[in-house]
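Commentary on secondary and tertiary structure
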Amino acid sequence: MRVALGHSFLTDVVRLDFLLPVPGRDVFALSHGLVAAIVAGVSLVLEIPGIEVGGAPVYGDGFPAIMLFDDVPGGGGVVARLEEPTVLRSVLEHARDRLNGSCGCGPDGSCYACLRTYRNQSLHSDLRRGLVYDYLNHILEHF
Ligand SMILES: [Zn+2]
């Protein structure tokens, strides 16, 4: 799919819909956490700078969904590779592993080694590492 993203370029967009229920109905915190973790996972697995992958939550029917897009002029063709199941699984595993607590923050917090980025600084107090970690584990069990 190719869509304009408000600026003057076109890029590839991949939408991921997660189909497992959200504990505590905390879709807002979970969705933003998934964006941060999965952008980091894409960057690691596809070996591109995190700044070249954009992400945003999509709000809908109570389940988390996120959009990922190539955040470079003309698109880098990077996020389209997520359509390969082995690539997507590896991205989700790296996203999950980043949240395993080795960063040292508590499950109800977040830090720059797990979920926080410059881009999501307005959301830092909402980001909860444990919520996203548990959800990604649950997703991977059903992948
Ligand atoms: Zn942390």
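It should be emphasised that the depicted structure is a prediction, and the values quoted were computed from it without experimental measurement. (Residues numbered from 1 in each chain as written. Predicted model: local features only at pLDDT ≥ 70, side-chain atom pairs only at ≥ 80, totals over all residues.)

1. Topic: the overall build of the protein
On a plain count of helices and strands, the protein comes out with three helices and four strands. Listed N to C, the secondary structure of the protein is β-β-α-β-β-α-α in terms of helices and strands. In terms of overall dimensions, the protein has a C-alpha envelope of 40 × 30 × 25 Å along the principal axes. Out of the 143 residues in the protein, the part that is buried amounts to 31%. The long-range fraction of contacts in the protein, counting pairs at least 24 apart against all pairs at least 6 apart in sequence, stands at 62%. (Helix = DSSP H or I, 4+ residues; strand = E, 2+ residues; numbered from the N terminus. Buried ≥ 20, exposed ≤ 12 C-beta atoms within 10 Å, placed from the backbone. Contact = placed C-beta atoms within 7 Å.)

2. Considering the pairing of strand β3 (residues 53-58)
Here six bridges tie β3 to strand β4 (residues 65-70), and the two strands are oriented antiparallel to one another. Considered in β4, the bridge of Pro-57 is made with Ile-66. Count of turn residues in the β3/β4 antiparallel hairpin: six residues, of which Gly-62 carries a positive phi of about 100°. (Pairing = 2+ DSSP bridges.)

3. Focus on the environment of Val-13
If you trace the backbone, Val-13 turns up in strand β2 (residues 10-17). In this structure Val-13 comes out as partly exposed when scored by C-beta crowding, with 18 C-beta atoms within 10 Å. Between the C-alpha atoms of Val-13 and Gly-77, which are 64 residues apart in sequence, the distance is 9.3 Å.

4. Quick word on helix α2 (residues 85-97)
Its 13 residues give α2 an end-to-end C-alpha distance of 18 Å, which sits within 8% of 18 Å, the value for a rise of 1.5 Å per residue. Listing the buried residues of α2 in full gives Val-91, Leu-92, Ala-95 and Arg-96. Burial along α2 is one-sided: seen end-on, the buried residues are contained in an arc of 135°. Considering only its buried residues, α2 is in contact with α1 (27-45) and α3 (129-141). (Expected span 1.5 Å × (residues − 1). Arc of directions from axis to C-beta.)

5. A closer look at unusual backbone geometry
For Glu-47, which is not a glycine, the phi torsion comes out positive at approximately 55°. Counting through the fold element by element, Glu-47 comes out in the loop between α1 and β3. The exposure class assigned to Glu-47 is exposed, which follows from the 8 C-beta atoms found within 10 Å.

6. Remarks on the nonpolar core
Membership of the largest hydrophobic core comes to 31 residues, with the highest contact counts inside it found for Ala-37, Ile-38, Leu-68, Val-132 and Leu-136. Every element with two or more residues in this core is listed here: α1, β4, α2 and α3. The biggest single contributor to this core is α1, with ten residues. The contacts of Ile-38, once residues within four sequence positions are left out, are Gly-55, Ile-66, Leu-68, Val-91 and Ala-95. (Core = buried A, V, L, I, M, F, W, Y, C linked by C-beta atoms within 7 Å.)

7. Topic: the environment of Gln-121
Mapped onto the fold, Gln-121 is located in the loop between α2 and α3. Residue class for Gln-121 comes out exposed when judged on the 9 C-beta atoms lying within 10 Å of it. Once the C-alpha coordinates of Gln-121 and Glu-93 are considered, the two residues, 28 residues apart in sequence, prove to be 24 Å apart.

8. Some words on the confidence of the model for the protein
Model confidence for the protein is summarised by a mean pLDDT of 89, while 91% of its residues fall at 70 or above. Averaged pLDDT values for the elements of the protein fall to 50 in strand β1 (residues 2-4) and rise to 97 in α2. Here residues 4-9 is modelled with pLDDT under 50, and outside its nearest four sequence neighbours on either side it reaches five contacts, counting other chains as well. (pLDDT = per-residue confidence, 0-100.)

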